[in-house]
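# Tertiary structure, described
Residues per chain, in single letters:
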Amino acid sequence: MNELVIPSPAKINLFLKVVGKRPDGYHEIITLLCRIGLFDTVVLAFNQSTISVECAHPRVPEDKSNLAHRAASLFLDALSIHDGVAIFIDKVIPVAAGLGGGSSNAAAVLMGLNQHYGLPLADRELGGIALKIGADVPFFLIRHSAIARGIGDYLEVYKDVPPLSVVLVRPTFEVSTSWVYKNLSLGLTNCEKSFKYHCFEEAFSKVNDLLCNDLEQVTIRKFPQIKIVKRALIDLGAETALMSGSGPSVFGLFRDRHQAKKTFHSIRDRGEWDTFLVDVLRP
Ligand code: ATP
């Protein structure tokens with residue numbers, strides 16, 4: 001086969017608590033990650049002599065710094081394969097928005113290459129390469145909601161996320177994840193909630209008890225608009241709203257798809273922010 005087309009979904013964090021900082025400077029977290037139905041498309045074309053990346057989005061690099069390029073390079077090196085691959089990315093997921101688009105693209109490349117070469121790498125080996133690219137990359141390989149711990153490297157599949165619709169709002173500014181962690185003051189983390197496994201198995205009302213994101217305080221301090229987006233989502237019918245990852249994307253959650261649609265239209269019609277109506281992917 002000369003070409004593979006791979007859907008590459010975004011993620012949201014339903015819970016993100018920073019639990020400490022390691023001597024090497026990395027923060028340890030516990031987070032619940034869910035894939036949502038907002039996709040980039042990654043196309044791999046084989047029979048090439050070099051690795052190349054094409055993406056029309058102005059904020060996405062096309063050189064070796066592209067996470068998809070890095071994924072291809074690490075995969076081919078690990079197996080001493082001297083082929084190249086041409087990677088085309090149709091970018092739909094907002095960039096630098098806390099939605100994991102680059103990590104998802106990298107995982108798509110790893111899965112696509114592994115499939116093309118006849119599955120030479122087992123899940124664990126592929127996961128090892130993924131972690132070298134970024135903390136969120138291994139998550140996208142498992143294709144389930146998952147709880148991630150450590151620096152995101154300990155993953156546990158989480159099967160109890162209920163059917164949920166999501167109104168996703170992306171304010172117009174971008175946020176760098178490393179800037180957020182640098183400005184996080186551990187003493188001030190305000191997420192008092194502790195992660196309870198049984199929450200989603202119980203009533204949905206418990207989701208409100210569960211949802212929190214320690215990184216919100218950092219991003220909101222610099223960009224108070226995030227608070228305005230959260231307020232707008234809740235005032236217009238979301239059952240709850242939270243910033244995803246390091247932001248600035250904010251999502252509202254709904255059990256009722258009809259209500260989600262109404263809220264989506266109300267927010268989109270204000271014309272202020274990019275707005276998407278999607279569902280949480282299950283599994
Ligand atoms: P993270 O929290 O992991 O930083 P994010 O969702 O906030 O993820 P991304 O959309 O992955 O952000 O982009 C982060 C940065 O990575 C951007 O500055 C972008 O230029 C760079 N980047 C490298 N490769 C990609 C890619 N394939 N898609 C999107 N961005 C990429």
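Quantities reported herein were computed from a predicted structural model and do not represent experimental measurements. (Residues numbered from 1 in each chain as written. Predicted model: local features only at pLDDT ≥ 70, side-chain atom pairs only at ≥ 80, totals over all residues. Heavy atoms only, no water.)

### Describing the layout of surface pockets
Roughly 1300 Å³ of internal volume is contained in the largest pocket. Together, 45 residues line the largest pocket, and Ser 103, Ala 135, Asp 136, Thr 177 and Ser 178 are the ones closest to its centre. Secondary structure elements with two or more residues in the lining of the largest pocket: strand E1 (3-21), strand E2 (27-48), helix H2 (101-116), helix H3 (123-133) and helix H5 (177-182). For the lining of the largest pocket, the two domains that each supply at least three residues are domain 1 (3-157) and domain 2 (165-279). (1 Å grid on protein atoms, 1.4 Å probe; cavity = no way out; pocket = protein on both sides within 12 Å on 5 of 7 lines; lining within 4 Å. Points joined across faces, edges and corners; volume = space filled by probe spheres on them. Helix = DSSP H or I, 4+ residues; strand = E, 2+ residues; numbered from the N terminus. Domains from an automatic or database assignment.)

### So, the site of the ligand
In the vicinity of the ligand, 19 residues are found, and the nearest of them are Arg 59, Gly 98, Gly 100, Gly 102 and Thr 177. With respect to the ligand, the side chain of Asn 105 contributes an N or O atom lying 3.0 Å from a nitrogen atom. In isolation the ligand offers 600 Å² of accessible surface; the protein chains occlude 79% of this area. Of the pockets mapped on this structure, the ligand occupies the largest pocket. Here the shell around the ligand takes four residues from H2, the largest share from any one element. (Near = heavy atom within 4 Å. Polar contact = N/O pair within 3.5 Å; in protein donor to acceptor, adjacent residues only side chain to side chain. Areas by Shrake-Rupley, 256 points an atom, 1.4 Å probe, with all protein chains shown as cover. Sits in = over half its atoms within 2 Å of the grid points.)

### Considering the pattern of salt bridges
Using the criterion set out here, one finds nine salt bridges in the structure. Put simply, Arg 170 and Asp 274 hold a salt bridge, and the shortest N to O gap is 3.1 Å. Here Arg 170 is found in strand E7 (residues 165-170), whereas its partner Asp 274 is found in strand E11 (residues 274-279), with 104 residues between them in sequence. For Arg 170, a relative accessible area of 14% translates into the label buried. A relative accessible area of 37% means that Asp 274 is categorised as partly exposed. (Salt bridge = Lys/Arg side-chain N within 4 Å of Asp/Glu carboxyl O. Buried < 20%, exposed > 50% of the residue type's maximum accessible area, 1.4 Å probe, protein only.)

### Details of the side chain of His 69
With respect to the secondary-structure elements, His 69 resides in helix H1 (residues 67-78). In this structure, His 69 is in contact with Ile 51, Val 53, Asp 63, Lys 64 and Ile 87, ignoring residues within four places of it in sequence. (Contact = heavy atoms within 4.5 Å.)

### Thoughts on the pairing of strand E3 (residues 51-55)
Two strands pair when backbone bridges link them, and E3 and strand E4 (residues 84-90) are joined in this way by five bridges, in the parallel orientation. From the neighbouring strand, Ser 52 faces E4, where its bridge partner is Ala 86. In the classification by handedness, the crossover that spans E3, the intervening H1 and the parallel E4 is left-handed. (Pairing = 2+ DSSP bridges. Right-handed = clockwise from strand over helix to strand, strands pointing away.)

### With respect to the packing of aromatic side chains
Under the definition given, this model contains three aromatic pairs. One residue, Lys 222, lies across the ring of Trp 179, its end atom 4.8 Å from the ring centre. (Phe/Tyr/Trp six-rings, centres within 6.5 Å; stacked < 30°, edge-to-face > 60°. Lys NZ or Arg CZ within 6 Å of the ring centre and 35° of its normal.)

### Observations concerning the nonpolar core
Leu 44, Ile 87, Val 109, Leu 110, Leu 113 and Ile 133 are the most contacted members of the largest nonpolar core, which has 38 residues in total. Among the elements that make up this core, the one with the highest residue count is H2 (seven residues). The contacts of Ile 133, once residues within four sequence positions are left out, are Leu 67, Arg 70, Ala 71, Leu 74, Ala 106 and Leu 110. Grouped together as the second largest cluster of nonpolar side chains are 27 residues, Val 175, Leu 184, Ile 220 and Ala 238 included. (Core = buried A, V, L, I, M, F, W, Y, C linked by side-chain atoms within 4.5 Å.)

### Quick word on the sheet that holds E7
As summarised here, the arrangement of the four strands in space is E9-E10-E7-E11, forming an open sheet in which the pairing is antiparallel. Edge positions in the sheet fall to strand E9 (240-243) and E11, since each has one partner strand and no second. Averaged over all pairs of adjacent strands, the angle between strand axes in this sheet comes to 20 degrees, irrespective of strand direction. Of the pairings in the sheet, the one linking E7 to E11 comprises six bridges and is antiparallel in character. What sits directly across from Val 169, in E11, is Thr 275. Lying over the sheet, helix H9 (residues 257-270) contacts E7, strand E10 (250-254) and E11, oriented at roughly 170 degrees with respect to E11. (Axes fitted to C-alpha atoms, helices over the stretch in contact; angles between N-to-C directions.)

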